[in-house]
Structure formats: structure tokens, C-alpha cells
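Working through the structure, step by step
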Amino acid sequence: MKVLIIGGVAAGTKAAAKIKREDRSCEVIILTKGKDISYAGCGLPYYVGGVIPAREQLIVNTPESFSRLTGAQVLTETEVTAVDTAAKTVTAVHKGESSTHSYDKLVIASGASPFCPDIPGLDLENVFFMRTPDDAIALREAVEAGGIKRAVVAGGGFIGLEVAENLAEKGVRVNVIDFAPHVLPNFLDPELSEYVENKMADAGINPMTGVALEGVLGDGKVEKVQTSKRAVKADALVLAIGIRPNTAFLEGSGIEMFKGTILTDKNLRTNVEDVYAVGDCAMVTNRETNEPAWSPMGSTANIAGRVLAMNICGGSKEYAGVLGTGVAKLPGGINTGRTGLTETAAKAAGYDVITALSVVDDKAHYYPGAGSFIIKMTADKATRKFLGLQVLGTGAVDKVTDIAVTAISLGATVDQLENLDFAYAPPFSTAIHPFAHALNVLLNKMNGSLESFTPAEFAEGAAEGYRLVDASPQPSIHSAPYLDLTKIEGEMEGFAKDEKLLLVCAKGKRAYMTQNRLKHYGYTNTKVLEGGTAFNTVEEED
Ligand SMILES: Cc1cc2nc3c(=O)[nH]c(=O)nc-3n(C[C@H](O)[C@H](O)[C@H](O)COP(=O)(O)OP(=O)(O)OC[C@H]3O[C@@H](n4cnc5c(N)ncnc54)[C@H](O)[C@@H]3O)c2cc1C
């Protein structure tokens, strides 16, 4: 059997290597446009910042080492320009010369390219993209040559923020502009994105949201970046405003597409017999909603590439799909993770959503390096299904994210997740694991023992008419009356039992314990502010 693979980075090389392992007798040929294969796209921002010192470290395999390792043939600088699915051939061009290649099975793994807007000035020196090793090398060289003191990064998604952090590490002053109202749009709910924006500002990176990129100004090289608000002084512009699938060459092939991405079934086959698609060029399924989903992620490319290879070699493996999972290191010393449905997405999908945001220790609080996780969980009130998790923190956010991935993938309810036997020792975790702790807060809320406002409700004014009460271990909210939990033994002077009281402490825990005690003594109208002063800006009265 002869298998042609178009594209030789994450999805293409994963599929090729696995096909050769499944069936050594298969002839596997990768046709790929660039000169590098199998490079670590995800590592590019860290090359810019010097965390990854050498270019060679970005190249997982050269074409030669890959062929030796796997037995697949690699033709680089070979661009496929057309696919004839009736004749089962592809046309490719290498250094101006055209050739035709036949196949028994075809894998399209042609990935995606950075979106390039139609605006003036992009031909100026010091306009950069961030997709290939050469892009990262060019940016680092320009920074190290000393000509870039200020930069604008267009795009407040993962890639934009990773590049911004690494430029800042190199001493560059960075503005990040994004058309959306917040950074990390669609990845986090708005209040968590706002928290990220504040951390960026603390780190000297200026987030400019709700701002469109309109052009680049300069004499030969970038001097200013024109936005819909104002012109921003800059020596460089890095474009990270999205990607588009590389599928134009499939025009007329009969392969079914949606908005430029190739539609695949659960076995990763296209609508055309013996043609498969995988990676950034292909559409998969959202495992939770069963809707088509585009997941241009290295994780998806590798997992699906492996499944596809097994199917090509006679298997019938299904790829269950994605949950929108991701983790990233962000400016300001924090990390983020998310899987499943955010509150916004869950509401849009028609769920009867309940959320709880908690601030919990990420390891034993007395252990060096301990920090906090801010965890927002989403569940469905009606079915009690666990729907999603978002996390911010200085520590290992992937840990809680991956627990949530497992939970959602197995269709767990919040009740099934209670009291799981998670590992604990002080350097790693807390006796009640941070995931379990956050889940207990959600369960308390669902079961009525915690009555609270979410940060989003609080910001929208839900606590109007409530008197702010400081429920911290020591008085810490200036001008708010103080309630000491340890002194509550009955009705408290100055606090009527039916008065609307908003209990606030640093993280939410002490306020919850105070609410619990007050309820016992007949207080009927108290609310806890989820996330306390660690997450919310609590306005003090004059
Ligand atoms: C800066 C950056 C950071 C990232 N960080 C993460 C991360 O932390 N986690 C994560 O999961 N993902 C991350 N990603 C995404 C991840 O890198 C991609 O999802 C992954 O590379 C997709 O692999 P792919 O093989 O589908 O496509 P690509 O990597 O785009 O490779 C496709 C290849 O096909 C070639 N090609 C295109 N058209 C043709 C044609 N007509 N003929 C021949 N060859 C063709 C292209 O030139 C390219 O070499 C990051 C991406 C970038 C750019």
C-alpha cells in the first residue's frame, strides 16, 4: 500500500511514523512545502525569549533522521498544488518542477498559516509572524541586534501572549492589541481574562483590547502601529491574529469543507474514499457537545494523527474529539488552563449553568513556593453534569485541568467526582486536593449550604443593597464593619438578622465559615463573595 502524506510537521510526521510502525510494508511518502519537518512550533515563543537557546533544539527531526528512524520517505520544499481524487494522484512542484504522485491512501496534514490582514505597511522591515522556526529566529535576531525597544503584538490569544512575555523578558516594552473586549477571548470567561490583563499590566505589558489593527507606519521600517484608537510607537509588529487552514489547493477535488477546514468523520476520513485529513487543516468534533470543532492544537494533531494511522492500516479506531483543552504560561508569572465549557459557552449550548469560583492553595501553604489556584468550575444544574474548568495560578495548572479532562470525557456528574483518592504530599498538593476543594465549593453551592455571588454577578451589581462586611481573620477592609468568626455566639450587635450582608474575606473560605455560623444563629440574608479580595476589586465606602 502506498500512502502519500501532504504536510510534514506535527500531524503528518505523527501519522507517517505510526503507519510505518503498524505496517512496515507500507510505502509512506511525505510531501511538504517547507525545508524543515517535525519542528516544535509550540516552542517558538521560548526561542524568542532565549529560554530555548539554540535553533537545533526546535527541530525534533531532520528529514534524514526522520527517514532513518521511521522508514518514511520525506520530500521537502515540495508543494502539492492539486489533488485528483478520481485518478488518485497529486500534483506537486519542487523547485519549479512539476511531478505527479499516485496513492492508495492520501493523508492531508497541510496545517494552517498565519492570517495576514489587508492593511497598509506590512511590507515594512520588522513586521513578524510566529509560525515557523525562521519566524522566531528573525524576531530574536532583530531584538538581539538592539533595534527593537518597543513592540506591538497584534493578537491576545496564547501565541500573542507567549510572544509578549518573551519579548518583555528581553527588555522590550510591549503593547498587546486585540479586537475582542478581552485577551484570551473564547478561552476564558471575561472576568478571568480581566484578571490576566491586570497581571499583564503588572508585568509592564500593556493590554489594549477592543482595538483594531489598521496599519503600520514608518520610513522603510516599523515606527508606529496604527490602531482604531491611536497610533502606538513601536519598532516592531508581531502578527498573531489567527490562522487559516492551508486547503486552497484542494479546490475542485470534491473534498467537503467548512469555512476552509476539511470535514472528517470519527475515523478521520473525508467524504472521499481513501482520503483522510488531520491537524490544523481539519475539523474534528467537540466531545462534549458533539458539534464540529476546529482545534488547531499540537495535542489534537498528534492524538488524531495516531488514530488516523491505525485506521489506514486496517483499524477502526474512533477519535472521540476535543474539549477545547489548553494550558499556557502567561505574562505576570501566572499560568492558565481550561477544558470543557466556559460559563459563556455552556449558556450558549443551552445548559442550566451553575458556576463556582474559588481561590485554593496549590500545595501545602507552609511549603516553599506554595501559591494559589483560582479555579472556576461549570456544571449543569439539571443533570448535575460537570461541564468545564478554568484555572489561573502560579503552579501546575495542567494538573487540575487534566483531572477535569478525565471527568468530562467520562461524562461524570459532580457527585461522582466527590471524595476521589487524589495523591497528597506537601511539595505537590493539599490534603484535600485543589480540584476536590474547588469541587466541594461547587457542591456546597449546589446543595445550598453556600450562598454566594460570583465575581461576574458582583461586578454586574448583584450585591447592590447589601452591606459589605469584612469577614477576614483580622480587619483588612478599611471602612467595612468587621465580623470576627471566632466571636459569633448569637445575634451580633449592629447586624440585624434579616439584613442583607455581603461577607468578604481574602479568598472566600473564611466568609463561608462566617456565613455558616451566622445562619446557625438565624441570619437569613447573607451572601459570600466568591474569590474574595484576591480576585475581586471590592470598592470601599468613603
Ligand atoms: C507559536 C506557536 C505556539 C503554539 N503552542 C502550542 C501549544 O502550546 N500547545 C498546542 O497544543 N499547540 C500549540 N500550537 C499549535 C501547534 O503548533 C499546531 O497545532 C501544530 O503545529 C499543527 O500541526 P499540523 O501538522 O497540523 O500543521 P502545521 O504545523 O501547519 O504543518 C503543516 C505543514 O504542511 C505544509 N504544507 C501546507 N500546504 C502544503 C501543500 N500544499 N503541500 C505540501 N505541504 C504543505 C506546511 O508548510 C507545513 O510545513 C502552537 C503553534 C504556534 C505557531
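First things first, this report covers the structure right here in the doc.

Rules used in this analysis
- Here, residues in each chain are numbered from 1, in the same order as that chain's written sequence.
- Restriction of local features to residues with pLDDT of at least 70 applies here, the model being predicted, together with a cutoff of 80 or more for giving and counting side-chain atom pairs; totals for whole chains, interfaces and linings are based on all residues.
- Secondary structure elements follow DSSP: runs of H or I of four or more residues count as helices, runs of E of two or more count as strands, with numbering from the N terminus.
- Both definitions apply: the radius of gyration is a C-alpha atom measure, and the globule rule equals 2.2 Å times residues to the power 0.38.
- With C-beta atoms placed from the backbone, a residue is labelled by how many other C-beta atoms lie within 10 Å of its own: buried for 20 or more, exposed for 12 or fewer, partly exposed between the two.
- By the convention adopted here, residues make contact when the C-beta atoms placed from their backbones lie within 7 Å.
- A set of buried residues drawn from Ala, Val, Leu, Ile, Met, Phe, Trp, Tyr and Cys, joined through C-beta atoms within 7 Å, is what defines a nonpolar core.
- For each residue, a C-beta position is placed from the backbone atoms; the residue is near a molecule or strand when that point lies within 6 Å of it.
- Under the scheme applied here, ten amino acids are nonpolar (Ala, Val, Leu, Ile, Met, Phe, Trp, Tyr, Cys and Pro), four are charged (Asp, Glu, Lys and Arg), and all others, including Gly, are polar.
- Delimitation of the domains relies on an automatic or database domain assignment.
- By definition, two strands form a pair when at least two bridges between them are found by DSSP.
- To get an axis, fit a line to the C-alpha atoms, keeping to the stretch in contact for a helix; angles then go from 0 to 180 degrees between the N-to-C directions.
- Handedness rule for crossovers: strands pointing away from the viewer, path from the first strand over the helix to the second running clockwise, crossover right-handed.
- Each angle is binned into one of four classes, with values under 35 degrees roughly parallel, values over 145 roughly antiparallel, values of 65 to 115 roughly perpendicular, and all other values oblique.
- Note: crossing handedness is left-handed where the near helix turns anticlockwise from the far helix by less than a right angle, and right-handed where it turns clockwise.
- Helix span, as expected, comes to 1.5 Å for every residue beyond the first.

Let's talk about the overall build of the protein
Of the regular secondary structure elements, the protein holds 13 helices and 31 strands. Taken against the 2.2 N^0.38 rule, which gives 24 Å for 542 residues, the C-alpha radius of gyration of the protein at 26 Å falls within 12% of a compact globule. Across its three principal directions, the C-alpha atoms of the protein cover 90 × 60 × 40 Å. Across the 542 residues in the protein, those meeting the buried criterion constitute 48%. Put simply, 65% of the contacts in the protein that link residues at least 6 apart link residues at least 24 apart.

Points about the environment of Val 211
Locating Val 211 in the fold gives a position in the loop between strand 12 (205-209) and strand 13 (213-217). Note on Val 211: 20 C-beta atoms within 10 Å, which makes it buried. Spatially, the C-alpha atom of Val 211 lies 34 Å from that of Arg 55, the residues being 156 residues apart in sequence. Setting aside chain neighbours within four positions, we find Val 211 in contact with Ile 177, Asp 178, Phe 179, Thr 227, Ser 228 and Lys 229.

Regarding the environment of Tyr 46
Looking at the secondary structure, you find Tyr 46 in helix 2 (residues 44-48). Among the residues examined, Tyr 46 registers 21 C-beta atoms within 10 Å and is labelled buried. Residues Tyr 46 and Lys 199, 153 residues apart in the sequence, show an inter-C-alpha distance of 19 Å. Those residues in contact with Tyr 46 that sit more than four places away from it in its chain are Val 51, Ile 52 and Asn 166.

Quick word on the nonpolar core
Residues Val 107, Val 238 and Val 278 are the most contacted members of the largest nonpolar core, which totals 153 residues. Apart from residues no more than four positions distant in its own chain, Val 107 is found in contact with Val 3, Ile 5, Ile 6, Gly 12, Ala 15, Tyr 276, Val 278 and Leu 308.

With respect to the site of the ligand
The full set close to the ligand counts 33 residues, and Gly 7, Val 9, Gly 41, Gly 111 and Gly 279 are the nearest of them. Elements with a contribution of two residues or more to the shell around the ligand: helix 1 (10-22), helix 2, strand 4 (78-84) and helix 7 (298-312). The class makeup of the residues in the shell around the ligand is 17 nonpolar, twelve polar and four charged. Looking at the shell around the ligand, you find at least three residues from each of domain 1 (2-111 + 244-312) and domain 2 (127-241).

Some points on the sheet that holds strand 6 (residues 97-102)
By way of backbone hydrogen bonds, the strands of a sheet pair with one another, either parallel or antiparallel. Read across the open sheet, the three strands follow the order 4-5-6; overall the sheet is antiparallel. Looking along the sheet, the strands with just one partner apiece sit at the ends: strand 4 and strand 6. The sheet shows a mean angle of 25° between the axes of neighbouring strands, taken without regard to direction.

A word on unusual backbone geometry
In terms of backbone geometry, most residues other than glycine have negative phi values and most peptide bonds are trans. One non-glycine residue, Lys 259, lies in the positive phi region at around 45°. Considering the arrangement of structural elements, one finds Lys 259 in the loop between strand 18 (257-258) and strand 19 (261-262).

Brief notes about the sheet that holds strand 16 (residues 236-239)
Ordered by their spatial adjacency, five strands build an open sheet running 9-16-10-11-12, and the pairing between neighbours is parallel. Every other strand in the sheet has two partners, leaving strand 9 (127-128) and strand 12 as the edge strands with one partner each. Two strands pair when backbone bridges link them, and strand 10 (residues 150-154) and strand 16 are joined in this way by four bridges, in the parallel orientation. Across the sheet, Val 153 pairs through a bridge with Val 238, a residue of strand 16. Here helix 6 (residues 190-202) sits on the sheet in contact with strand 11 (173-178) and strand 12, set at roughly 140° to strand 12.

Concerning the pairing of strand 10
Within strand 10, four of the five residues are buried, which leaves it mostly tucked inside the rest of the structure. Where strand 10 meets strand 11, five bridges bridge the pair, whose relative direction is parallel. Counted as the bridge partner of Arg 150 is Arg 173 from strand 11. Crossover handedness for the path strand 10 to helix 5 (residues 158-169) to strand 11: right-handed.

Thoughts on the packing of helix 1 against helix 7
Look at helix 1 against helix 7: their axes get within 8 Å of each other, and the N-to-C directions meet at 30°. If you check the angle between helix 1 and helix 7, you find them roughly parallel. For the pair helix 1 and helix 7, the sense of crossing is right-handed. Of the residues in helix 7, those in contact with Ala 10, Ala 11, Lys 14, Ala 15, Lys 18, Ile 19 and Glu 22 of helix 1 are Gly 298, Ala 301, Asn 302, Ala 304, Gly 305, Arg 306, Leu 308, Ala 309, Met 310 and Ile 312. Among the residues forming the contact of helix 1 with helix 7, the class breakdown is ten nonpolar, three polar and four charged.

Points about helix 10 (residues 434-446)
The end-to-end C-alpha distance of helix 10 is 18 Å, a good match for the 18 Å that 13 residues give at a rise of 1.5 Å each. Within helix 10, burial applies to Pro 434, Phe 435, Ala 436, Ala 438, Leu 439, Val 441, Leu 442, Leu 443 and Lys 445. Check the buried side of helix 10 and you find it contacts strand 25 (353-361), strand 26 (372-380), helix 9 (397-409) and strand 28 (452-453). Positive phi shows up at Gly 448, right after helix 10, with a value of about 90°.

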